[in-house]
Amino acid sequence: MPDLYVSTLGVPFRAVIARGSGERAFVRIGERADDDFALDPVVWIDQFGAATGAQALLLERSGAPGRCFRLGPTEPDADDDDALCARDVLAATLRRLLSAAETQSGEPIQRVVCVVSGDADDETRSECAQAALLAGAQIVEILAASGADALLEGWDDRTRLTLTESGNARSADLSATLSRTVLRALFRQSIGLAPDARDAHAAAADMLFDTWASGKDVARGMSVTLAAARGAPVAAYAPAAVFAALDSALRERLAAALTAHGAVLATIAAFDVSGSWTQPLGRALRALAGANTTVRDERGVELDRAIRAAPPQARATKPTLGSDVFATPESPRTLRALAQGEPVRLLSAGTRLPATSISESFRSSSFLGAFRVVAQRDGTSLPLMTIPIPRYAERQADSYLRAVVHADTDDVMFVEVAYLYSARRRFAFVEKRSEREVPLSDHVFRVVRG
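Quick caveat, the model's predicted, so the values are computed rather than measured.

Chemist: How should I be thinking about the overall build of the protein in this particular structure?
Modeler: When helices and strands are counted, the protein shows 10 helices and 26 strands. Buried residues in the protein amount to 50% of all 450 residues. Counting contacts in the protein only where the partners sit at least 6 residues apart, residues at least 24 apart contribute 60% of the total. Accessible surface for the protein amounts to roughly 20,900 Å². Of this, 48% is attributable to carbon and sulfur atoms.

See the structure below:
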């Protein structure tokens, strides 16, 4: 059974299917013209489900009802109606990668290893773990990008540098001078176009720039021709000297940015470059750093390192629940409302996940206001969530509680509990160390898993 390794460093996202035998394969998405193994984390979410990548862009242009989100430097705005946050959009993206990986490998995938930036804080790592669990993973590991003194992430709209010093990571945002958008405007000016031009000539110039940014050979210059609906085709040409000047400008700006943020090239032994335009950044670093500094800019280098740090695990069966899950009335004085006067056992340790159990029926009573659901393991109790009992339940002769534990990890448990009917179900992530409950709406679960 293979494992899935996902890189969240920059845009686009990439993923690798890895097996214990050493076999590896990039997950094939093919939604970018310049990369057959990458997924643009653009997510379209409506009441019917979530679409990602090229399909999301198509829905956005079609005017269909819904909302389009892009994972990037800022968190998407959340409305009261859907309460979507960056975690939920990331979950939809991971769901797309997980589904594609299972289709490609022909086997179910239970374990997902996500690579995050070296300076990611505990909250970011927890949100990434929650997103992977929501996407359908049952075993999740979060690895910080490490193994190099510096990590340079070249996103489509952002460039970021993470320096690792004696185990501590500090990050610098280089978007002001090194983002792809800034360099594109510089290229337009060099061939006589306004930075904000939007005509056919500007589109042709952008194709030239994208060719350079993708790392293709432009040493002899390049020309492109675009067909026009009316009139003559539009052609654009950039000589080799223009691309050479662009490389030079990138080196100068990168050197100035490194100096401004206190990065001494002589003390950096290795750079890792990731993102959507790694090769131009890699060339610039090699020209600046010299032969004594290693620069790794090949596709998926961070995934190779993650596989070495957390090798694929051999598993013959599904993961099991490591604790008992009980439900007790919120107040001890209401115990008499239960038939046996004891907590209701929902799930026992050793139950395969995700697991569903319906307890033995018990008598409903107006004395019950809510149930408190806890997990007990090794003599300790972990509060999971509180389930309020609706008023109409007082008229029911018998009642039941239903519980599903979708995933049980060392740090986070993903739980679903329902009283009487599944329409009353509640979802929550529970962070075990802090005993913090992070609620999840039924709507979000439906659109991500749908």
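Chemist: Would you mind going over the side chain of Ser105 with me for this structure?
Modeler: Mapped onto the secondary structure, Ser105 falls in helix α2 (residues 86-105). Taking the relative accessible area as the measure of exposure, Ser105 reaches 18% and is therefore buried. At a separation of 3.3 Å, a polar atom in the side chain of Ser105 contacts the main-chain carbonyl oxygen of Glu107. Once you skip the residues sitting within four places of it in the chain, Ser105 turns out to touch Pro2, Ile17 and Arg19.

Chemist: Got a minute to help me understand the nonpolar core in this structure?
Modeler: It is characteristic of soluble globular proteins that their nonpolar side chains tend to be buried jointly. Formed by 48 residues in total, the largest nonpolar core has its most connected members in Leu4, Leu94, Leu134 and Phe414. A total of nine residues in this core trace back to one element, the largest contributor, which is α2. If you look at the next biggest cluster of nonpolar residues, it comprises 36 residues, including Leu183, Leu208, Phe243 and Trp277.

Chemist: Whenever I open this one, the environment of Arg352 confuses me. Can you help?
Modeler: Note on placement: Arg352 falls in the loop between β17 (344-347) and β18 (355-358). Ignoring anything within four residues of it in the chain, the contact list for Arg352 reads Thr317, Lys318, Pro319 and Thr320.

Chemist: Before we go on, may I ask you to explain the packing of aromatic side chains in this structure?
Modeler: Geometry of an aromatic ring pair is reported as the spacing of the ring centres plus the angle between the planes. The tally for this structure, following the rule as stated, stands at 10 aromatic pairs. A centroid spacing of 4.3 Å and a plane angle of 20 degrees characterise the contact between Phe427 and Phe445, whose relative ring orientation is stacked. In this pair, Phe427 sits in strand β25 (residues 426-431) while Phe445 sits in helix α10 (residues 442-449), placing the two residues 18 residues apart along the sequence. Exposure class is identical for Phe427 and Phe445. Each is buried. Chaining the aromatic ring pairs together yields one cluster made of Phe187, Phe209, Trp212, Phe243 and Trp277. Across from the ring centre of Trp155, 5.6 Å away, lies the NZ or CZ of Arg158, which sits over that ring. One cation-aromatic arrangement involves Arg299 over Phe26; the distance from NZ or CZ to the ring centre is 4.8 Å.

Basis of the calculations
- Residues numbered from 1 in each chain as written.
- Predicted model: local features only at pLDDT ≥ 70, side-chain atom pairs only at ≥ 80, totals over all residues.
- Heavy atoms only, no water.
- Helix = DSSP H or I, 4+ residues; strand = E, 2+ residues; numbered from the N terminus.
- Buried < 20%, exposed > 50% of the residue type's maximum accessible area, 1.4 Å probe, protein only.
- Contact = heavy atoms within 4.5 Å.
- Areas by Shrake-Rupley, 256 points an atom, 1.4 Å probe, with all protein chains shown as cover.
- Polar contact = N/O pair within 3.5 Å; in protein donor to acceptor, adjacent residues only side chain to side chain.
- Core = buried A, V, L, I, M, F, W, Y, C linked by side-chain atoms within 4.5 Å.
- Phe/Tyr/Trp six-rings, centres within 6.5 Å; stacked < 30°, edge-to-face > 60°.
- Lys NZ or Arg CZ within 6 Å of the ring centre and 35° of its normal.

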